[in-house]
Each structure stands twice: as C-alpha cells, then as structure tokens.
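An overview of the molecular structure
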Amino acid sequence: EGMAPPKRILFPPEKICMVWQQRQSAGAGLFNVGNTCFLNAVLQCLTYTPPLANYLLSQEHSQACHQRGFCMMCIMEAHVNKVLHSSVSAILPLAVLKVFRCIGEHFQPGREEDAHDFLCCTVNAMQRACLSASSDLDISSQSTTVVHQIFGGFLRSRVTCFSCKAISDSYEAFLDVPLDIKAASSLTAALKDFVTPEHLDGENCFKCNKCEKNVAASKRFTVHCAPKVLTVCLKRFDCFTGGKISKVVEYPEYLDLRPYMSQADGEPLHYSLYAVLVHSGVSCHGGHYFCYTKASNGLWYQMDDESVDLCCIDTALRQQAYLLFYVR
C-alpha cells in the first residue's frame, strides 16, 4: 500500500522456508585468528537464521551462480555447510577470512571491528551477489532477492503539516533497525520511542508543497513492511567518543511488532528470538564479542569463538545485548 509493486520477482517468496528443514544439535565453533571474535559472532548468528540456512544448505545458489570472482552468497553457502556438517568441534572460517577486505574496504586484518558494521557489510554483500545478474532494477524489484525477502523490510516516514494537515509519505528499505537506548530500559520501550512522532519547527522546519512555505510539522517513522527476520541493533556506542552505554536493556523471547507498524490495528505479528550478539568491554575500540544462538534442535548454545556450550534460554535473555535477531 502506497508503494509501487515490483516489475520483476527475483526469487519466488513461496520458496522461502521459515522453519528448519533438518534438526540437529549446534555445529562447529570458529577459531579466532587474532581479533576476529566480531566476525565469528556475526557468522554464527547468520548460520542459525532458519530461512537463510535452509536456502544455503540446499546449495541452490552455487548451482546457478555465474558470477566471476567474489560472490558473498557462494562464500556463505560454503561456510554454513561446513559449520553445520562438520565432524570436528571447531573450524577456521577461511572462506570468509580470505575475502575480508571485499566485504568492507575499510576493514583491516588484525584490527577489532564493530560487529554491527560487519553484519551490515556482509548482508549488503549478499544482497549485491543476488543482484549481480540483473541491472537497472527498480527499488521494489531489488527487494525481491532471497536476502531482502529474509532480512529486508520498509519503513514509512510520514510528515504531517500542522498548517494545512497535508500528509507526505516516503518509504525506505532497511535490512536492520538501529534503536536508541539512551532513554529506554527495554526493547519495547525503544521501539515505542522509535515510532513516537518528532516535532519539526524552528531551524528544523518542513517545506510544505501545499502551503509552499516552511511550516511546523510532525514526522513519524513506522514499520511499513515487516521483515521475515527482524535484526535490531541496540545503539550502545557513542558515534564520537566510542564510549559504551553499558546499562541493561530487557528484551523478550517473543515480540509482537504490530504496535510499531503503519497499520497498527490488525492481527499480531509474532516474532521469536533466535540469536543474541553480546559485546563485553568498556568501548567499541576493544573488548570481546560472543553470541547465544538457538540451533535447529530448539536448544540454546553459547558460542564464544571455538567453544560451543549448551545453555538455557534464561541465560540468553539476561545479556548486555548489542544485536538481537528475531524470526517470524
């Protein structure tokens, strides 16, 4: 509603399978080769994303891929198959380490990078790999790749003029939702803040096309199209100092996204938590990353580089989370 339909469907949505096709205990841990805990933690969260893992385990992508050189989908497919089919307790994520600089030009081997940045670059590289065979696609068609259909959604920004009440809507694709936690003590409070209207006036006025002048207005973001997998980044790091907000932000095992949608009344939109990525340390310039993930057998594991240990859901819910992964 309000958005142009795609001219082309790149991947049939009915082929995306939301529940695990194979049930097994957790796969291999990942060796740290010097400050690569951020990479290991992100890769484990992606590996246990059910619709992505199902697709990569089918090896459908590599069988049809004609890309020469770097293809992030082929690399992730090889990695996920290796982790989940491994007979050893830990492996080296060599396929990913080899293309580290291709994933993000600004990444420096041996340096601790930000896990959210690495996640964004990895998912974007997978999205580019899905688009490599198609050129000049409209935005709606670009959102029909298997990657965007799993992780992607659309936000609506609605500006309402206080003078003439005219409404101006714009839409923006997203692959994750970064949330401010300065004033929030829970995920639901942070989501509520995210959809609370912002007052535009003074230097921050809105140029209304109908009034043809700068006016006071309200601006409100809502989730317009909900993703199959909701990735949330709790913004713990200060952009300028790198200092960390270390407070507890509560997050539930089950989340209803409906109250934060453009259409807030309707059936609940239920999500279930399946991965939690944690940063321990005082700033973004150091510390350690590890994660908790729910394997296809329904059990939770703490994954800290090469160690993979069974844990309970209560432990996974009591962390100083940095990234949260929910599946529809």
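So, how was this worked out
- By convention here, each chain's residues receive numbers from 1 onward along its written sequence.
- Two thresholds apply to this predicted model, a pLDDT of at least 70 for residue-level local features and 80 or more for giving and counting side-chain atom pairs, whereas whole-chain, interface and lining totals are computed over all residues.
- Side-chain calculation: all heavy atoms of the structure are included, whereas hydrogens and water are not.
- Labels follow the DSSP assignment, with helices taken as runs of H or I lasting at least four residues and strands as runs of E lasting at least two, numbered in each case from the N terminus.
- Between the two quantities, the radius of gyration covers C-alpha atoms and the globule rule is 2.2 Å times the number of residues to the power 0.38.
- Only protein chains enter the accessibility calculation, which uses a 1.4 Å probe; a residue is then buried when its area is under 20% of its type maximum, exposed when over 50%, and partly exposed in between.
- Contacts are residue-level and defined by heavy atoms, with any inter-residue pair within 4.5 Å sufficient.
- Residue burial considers only the protein chains on display, and all accessible areas are found by Shrake-Rupley using a 1.4 Å probe.
- Charged-residue counts in this description rest on Lys and Arg as positive and Asp and Glu as negative, His and the chain ends being excluded.
- Think of each charge as sitting on NZ of Lys, CZ of Arg, CG of Asp or CD of Glu.
- The span one expects for a helix is its residue count, reduced by one, times 1.5 Å.
- Fitting a line to C-alpha atoms yields each axis, with helices limited to the stretch in contact; the angle taken between N-to-C directions then spans 0 to 180 degrees.
- The scheme is simple: roughly parallel for angles under 35 degrees, roughly antiparallel for over 145, roughly perpendicular for 65 to 115, oblique for anything else.
- It is the rotation of the near helix from the far one that decides the hand of a crossing: anticlockwise by less than a right angle makes it left-handed, clockwise makes it right-handed.
- In this count, Pro and Cys sit with the nonpolar residues alongside Ala, Val, Leu, Ile, Met, Phe, Trp and Tyr, while Asp, Glu, Lys and Arg are called charged and the others, Gly among them, polar.
- Here, a strand pair is defined by DSSP locating no fewer than two bridges between the strands.
- In the cavity and pocket records, a cavity denotes points on a 1 Å grid over the protein atoms alone where a 1.4 Å probe fits but cannot get out, a pocket denotes an open set with protein on both sides within 12 Å along at least 5 of 7 lines, and lining residues are residues with an atom within 4 Å of a point.
- Grid points are joined across faces, edges and corners, and a volume is the space filled by probe spheres set on the points.

- Per an unreviewed UniProt entry, the chain goes by UBP42 hydrolase and derives from Vireo altiloquus.

Points about the overall build of the chain
- Across its full length, the chain holds eleven helices and 16 strands.
- Over its C-alpha trace the chain gives a radius of gyration of 21 Å, about what one expects of a compact globule, namely 20 Å for 328 residues.
- Across its three principal axes, the chain shows a C-alpha extent of roughly 65 × 45 × 40 Å.
- Counting across all 328 residues of the chain, residues that qualify as buried make up 48%.
- Look at the contacts in the chain between residues 6 or more apart in sequence, and 67% of them connect residues 24 or more apart.
- Approximately 15400 Å² of the chain is accessible, and the part contributed by carbon and sulfur atoms is 52%.
- In the chain, which carries 29 positive and 31 negative side-chain charges, the distance between the mean positions of the two groups comes to 4 Å.

A short note on helix H4 (residues 72-84)
- For H4, spanning 13 residues, the distance from its first C-alpha to its last is 18 Å, which sits close to the expected 18 Å at 1.5 Å a residue.
- Here H4 lies mainly inside the structure; ten of its 13 residues are buried.
- Among the residues of H4, those classed as buried are Met72, Met73, Ile75, Met76, Glu77, His79, Val80, Asn81, Val83 and Leu84.

Topic: the packing of helix H1 (residues 37-47) against helix H7 (residues 115-131)
- The N-to-C vectors of H1 and H7 enclose an angle of 50°; their axes lie 9 Å apart at closest approach. What the angle tells us is that H1 and H7 run oblique. Helix-helix and strand crossings are classified by hand; for H1 and H7 the assignment is right-handed. Here Phe38, Leu39, Val42 and Leu46 of H1 lie close against H7, whose contacting residues are Ala115, Phe118, Leu119, Thr122 and Val123.
- Tallied by class, the residues present in the contact of H1 with H7 amount to eight nonpolar, one polar and no charged.

What to know about the packing of helix H2 (residues 50-57) against H4
- In the contact formed by H2 and H4, the axes pass within 9 Å of each other and the chain directions differ by 95°. In terms of orientation, H2 lies roughly perpendicular with respect to H4. Contacts between H2 and H4 pair Tyr55, Leu56 and Leu57 from the former with Met73, Met76, Glu77, Val80, Asn81 and Leu84 from the latter.
- Counted by class, the contact of H2 with H4 contains seven nonpolar, one polar and one charged residues.

Quick word on the sheet that holds strand S6 (residues 198-200)
- Spatial ordering of the open sheet is given by S4-S3-S9-S6, a layout of four strands whose pairing is antiparallel. Lying at the two open borders of the sheet, with one neighbouring strand each, are strand S4 (167-174) and S6. Between one strand and the next, the sheet's axes are offset by a mean angle of 30°, whatever the strand orientation.
- Where strand S3 (residues 153-161) and strand S9 (residues 217-225) come together, eight bridges link them in antiparallel fashion. In the sheet register, Arg158 faces S9, and the bridge partner there is Arg220.

Digging into the layout of surface pockets
- A volume near 420 Å³ is recorded for the largest pocket.
- Lining the largest pocket are 17 residues, with His61, Ala64, Ala129, Cys130 and Ala133 sitting closest to its centre.
- Elements with a contribution of two residues or more to the lining of the largest pocket: helix H3 (60-64) and H7.
- Ranked by residues supplied to the lining of the largest pocket, first place goes to H3 with three residues.
- By residue class, the composition of the lining of the largest pocket is nine nonpolar, six polar and two charged.

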